[in-house]
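Here is how the chains run, residue by residue.
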Amino acid sequence: MESPIVSRQQLFALTATLLLSLPAGYEPDHFAKALFIGAAMQSAAYALILMWVTHRSSTLQNAVLALLYLLFFTETFTYACFGSRLNPAIVTLILQTSWQETAEFARVFLLTPKSLLCIAVGMALPLAYRWLWQRCSTDSWPRRWPGKVLATAVAAGGVALWLNILPFPLGMNTLNEAMHSCLFVAESHRDIETMTAMIDRISIRQPADSAETPPTIVLVIGESFDKHHSSLYGYPLSTSPHLKAERDSGSLTIFTHAETPTNGTAFAMRYLFTQKGCEDSDHDSLACIVMPAVFKKAGWTVTYIDNQYTRASGGELDYSCGYFLNPQYINSHSFDYRNTTRSPYDADFIAEQSSHLQRHPRSLNIIHLMGQHFDARQRFPDTFARFTATDIHRPGLSKQQRQQVADYDNATLYNDHSLWTILNLFRKSDAVVVCLSDHGELVYEGADRLFGRSFASVQDTTALKHVFQIPLMIWCSDSYQQRHAQTCERIRQAAHRHVCLADVPFLLYELAGISFNYDQPHRSCISPAFRPHPVKKK
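Here is a short report on the structure shown in this document. It should be emphasised that the depicted structure is a prediction, and the values quoted were computed from it without experimental measurement.

What to know about the side chain of Asn307
One can find Asn307 in the loop between β5 (301-306) and α12 (311-314). At 2.8 Å, the side chain of Asn307 and the backbone nitrogen of Ser343 are in polar contact. The residues touching Asn307, leaving out its near neighbours within four places in the chain, are Arg342, Ser343, Tyr345, Asp346, Phe349, His368, Leu369 and Met370.

Put into structure tokens, the structure is as follows:
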């Protein structure tokens with residue numbers, strides 16, 4: 001009999017590693033390679049531990065592989081058919097699905113060509129594995145000390161990965177993804193219950209008599225905006241001509257020391273839409289007060305348009321971003337309007353949604369743009385491709401890398417156009433517009449030529465500068481400047497204060513003149529009572 005290429009134990013370890021790690025490489029974004037490497041290394045450690053535990057029983061090994069394959073097939077099937085892995089939304093959907101809905105799902109989705117192909121491949125793979133298993137030797141756990149040392153080293157590396165020592169995040173292998181999703185669903189449901197309860201506890205204090213009429217307030221949330229690529233902040237290329245003109249006219253105040261505590265959109269949205277502070281736990285009751293619900297309770301009209309995520313894409317089950325805003329009770333008590341469609345380009349999106357933006361007093365408009373989100377080349381039309389690789393004078397970068405920098409600068413130029421489009425919509429209103437970004441971006445910055453977002457230690461000065469420092473600006477219409485002169489002066493005086501993204505809700509309360517039982521005036525950056533605080537990175 002021919003000697004097998006691998007032993008049964010080696011085949012078990014290799015198969016378990018692949019089943020655990022392959023789904024981590026499905027996502028086609030710019031972190032996919034790093035995520036897959038982390039998942040594969042950790043999965044190899046898992047596989048060796050499982051092999052050590054089960055090496056005396058082929059039946060037990062087959063049972064373990066069957067469970068891992070079930071997870072793998074589920075993730076592969078959901079990704080192939082729905083573009084999603086086994087995430088919290090799918091876990092919630094499974095938990096809330098009745099037998100009747102299961103039968104309907106089978107009729108609608110399982111009989112499609114793509115689903116049938118997945119099922120056929122899913123049935124063929126175990127048969128192929130069984131054939132290989134039968135051809136392998138019965139050699140069990142390696143007896144020679146080099147094999148044991150190697151296995152121990154891999155297992156130790158896996159433990160190190162589990163402790164998250166790497167300078168980039170671990171990719172979610174199938175086991176981690178399932179555990180994370182189940183825990184996230186349980187925790188988020190607790191958060192949602194707390195948020196729902198806190199909405200009912202909000203009590204608006206009647207303001208003292210004031211000659212000022214509440215204005216129109218606009219909050220614009222950008223994406224991946226590295227302020228050091230904006231000519232507003234000294235970048236040599238003219239990437240922000242419209243905003244510079246607004247600044248020079250005295251309508252726009254630029255804040256020089258604004259920071260975000262996070263480099264992820266989903267986390268930033270939690271800070272912006274609730275009263276969560278840098279030091280707060282997600283489950284603290286005060287951190288679960290939903291900002292737009294306060295405005296609604298105070299009698300304001302609240303519009304929320306988002307060109308990145310919509311409630312319609314996943315309804316209450318959409319955990320991709322701002323999941324806490326989607327449940328019906330929170331959504332209805334926070335917003336009067338939310339969009340159901342998106343557009344490839346932000347300025348087109350704004351034009352399409354302009355009729356839903358409110359310009360009357362006592363109205364809050366929240367706008368979330370795609371901004372300079374990766375891939376930056378997809379964020380602007382060809383008419384805004386002003387900069388090319390020849391405009392980027394950065395030694396050490398290849399032509400392709402310099403073109404990527406130029407594309408990011410073009411996206412910044414188009415973002416300037418998009419923001420100017422928003423300002424023009426409110427130019428004749430008594431309006432104040434707050435613009436900021438959720439986080440920055442690295443475009444081959446620093447000695448390491450990093451691209452994307454750095455997940456290194458927050459002591460990394462390059463990461464701090466380009467990822468955690470964010471643009472923040474406040475624009476006041478002519479009418480607003482005339483009617484709210486004292487507020488405009490306080491805005492200008494606050495331009496050099498150290499501001500945290502998590503304090504933006506309190507800035508909005510200040511601009512609206514809203515006072516309520518859970519207010520914290522010292523967190524409004526334009527308040528005389530403002531107390532700057534360290535921005536704890538997470």
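Next, the rest of the story.
What to know about unusual backbone geometry
When glycine is set aside, most residues are seen to have a negative phi, and most peptide bonds are trans. Look at the link from Phe374 to Asp375: it is a cis peptide, with omega at -5 degrees. As for its position among the elements, Asp375 is in the loop between β7 (363-368) and α15 (399-425). If you check the backbone angles, Ser224 has positive phi at about 55 degrees while not being a glycine. Among the structural elements, Ser224 can be located in the loop between β2 (216-222) and α9 (241-248). With a phi angle near 60 degrees, Tyr444 is a residue other than glycine that sits in the positive phi range.

Here's the deal with the packing of helix α14 (residues 346-353) against α15
Here α14 crosses α15 at 20 degrees, and the two axes come no closer than 8 Å. Here α14 is positioned roughly parallel relative to α15, judged by the angle of their axes. Remark: the crossing between α14 and α15 carries right-handed chirality. Side by side, α14 and α15 meet where Asp346, Ala347, Asp348 and Ile350 of the first sit next to Tyr414, His417, Ser418, Thr421, Ile422 and Leu425 of the second. When grouped by side-chain class, the residues that make up the contact of α14 with α15 number five nonpolar, three polar and two charged.

Examining the pairing of strand β9 (residues 442-445)
Both β9 and strand β10 (residues 450-452) contribute to a ladder of three bridges, which runs antiparallel. What sits directly across from Glu445, in β10, is Leu450. Between β9 and β10, which pair antiparallel and follow one another directly, the connecting turn spans four residues, one of which, Gly446, has a positive phi of 80 degrees.

A few points about the pattern of salt bridges
Evaluated as defined, the whole model comprises 11 salt bridges. The partner of Asp248 in a salt bridge is Arg247, with the nearest N and O atoms 3.4 Å apart. For Arg247, a relative accessible area of 31% translates into the label partly exposed.

Concerning the sheet that holds strand β11 (residues 472-476)
The mixed open sheet is built from seven strands, whose spatial order is β3-β11-β8-β2-β7-β5-β6. Every other strand in the sheet has two partners, leaving β3 (252-255) and β6 (337-338) as the edge strands with one partner each. Sheet topology places β3 next to β11; four bridges connect them, and they run antiparallel. Paired with Phe255 across the strands is Leu472, a residue of β11.

A short note on a nonpolar patch on the surface
Where nonpolar side chains cluster on the molecular surface, the patch consists of Leu14, Leu18 and Leu22 and spans about 240 Å² of accessible area. Its place among the elements puts Leu18 in helix α1 (residues 8-21).

Some words on the state of the cysteines
Taken as a whole and judged by the stated rule, the model has zero disulfides. Between Cys278, a cysteine without a disulfide, and Cys500, which holds the nearest cysteine sulfur, the sulfur-to-sulfur distance is 3.5 Å. Given the relative accessible area of 4%, Cys278 is considered buried.

Some points on the packing of aromatic side chains
Applying the stated criterion to the full structure yields 13 aromatic pairs. Ring geometry for Phe295 versus Tyr509: centroids 5.9 Å apart, planes at 35 degrees, classification tilted. Linking Phe295 in helix α11 (residues 291-297) with Tyr509 in helix α19 (residues 504-512), this pair joins segments that are 214 residues apart in sequence. Using a relative accessible area of 1% as the deciding quantity, one classes Tyr509 as buried. Note on Tyr509 and Phe516: the rings are 5.1 Å apart at their centroids and 80 degrees apart in plane angle, and the pair reads as edge-to-face. Of the aromatic side chains, those joined through ring pairs into one cluster are Phe295, Trp300, Phe506, Tyr509 and Phe516. Lying across the ring of Phe324, Arg270 places its NZ or CZ 5.6 Å from the centre. Arg359 extends its terminal NZ or CZ atom over the ring of Phe426, reaching a point 5.7 Å from the ring centre.

What counts, and where the lines are drawn
All residue numbers refer to position in the chain's written sequence, counted from 1. Local features in this predicted model are restricted to residues whose pLDDT is 70 or higher, and side-chain atom pairs enter the listing and the counts only when it is 80 or higher, whereas totals over whole chains, interfaces and linings include all residues. In computing side-chain properties, one takes all heavy atoms of the structure into account and sets aside hydrogens as well as water. Helix and strand assignments come from DSSP, with helices taken as H or I runs of at least 4 residues and strands as E runs of at least 2, each series counted from the N terminus. The term polar contact refers here to a pair of N or O atoms within 3.5 Å; inside protein, the definition further demands a hydrogen-donor-capable atom paired with an acceptor-capable atom, and it admits residues adjacent in sequence only when both atoms are side-chain atoms. Contacts are assigned to residue pairs with any non-hydrogen atoms lying within 4.5 Å of each other. For every element, the axis is a line fit to its C-alpha atoms; helices are fit only across the contacting stretch, and the angle between N-to-C directions ranges from 0 to 180 degrees. Should an angle fall under 35 degrees it is taken as roughly parallel, and over 145 as roughly antiparallel, whereas 65 to 115 is taken as roughly perpendicular and any remaining angle as oblique. Left-handed is the label given to a crossing in which the near helix is rotated counterclockwise from the far helix by less than a right angle, and right-handed is the label when the rotation is clockwise. Polarity classes work like this: nonpolar for Ala, Val, Leu, Ile, Met, Phe, Trp, Tyr, Cys and Pro, charged for Asp, Glu, Lys and Arg, and polar for all others, with Gly in that last group. Here, strands pair whenever DSSP counts at least two bridges between them. Any Lys or Arg side-chain nitrogen found within 4 Å of a carboxyl oxygen on Asp or Glu counts as a salt bridge. Exposed residues in this analysis have more than 50% of their type's maximum accessible area, buried residues have under 20%, and partly exposed residues fall in between, with area computed by a 1.4 Å probe over protein chains only. Patch definition: residues above 30% relative accessible area lacking any salt bridge, with like charges linked at up to 9 Å and the nonpolar side chains Val, Leu, Ile, Met, Phe, Trp and Tyr linked at up to 5 Å. In this description, accessible areas are obtained by the Shrake-Rupley approach with a 1.4 Å probe, and a residue is regarded as covered only by the protein chains that are shown. The term disulfide is used for any two cysteine sulfur atoms that are within 2.5 Å. Ring geometry is summarised as follows: Phe, Tyr and Trp rings, the Trp one being its six-membered ring, pair when their centres sit within 6.5 Å, and such pairs are stacked at plane angles under 30 degrees, edge-to-face over 60 and tilted between the two. Two thresholds decide whether a charge sits over a ring: the Lys NZ or Arg CZ must be within 6 Å of the ring centre and within 35 degrees of the ring normal.

The analysis is restricted to geometry; functional conclusions fall outside its scope.
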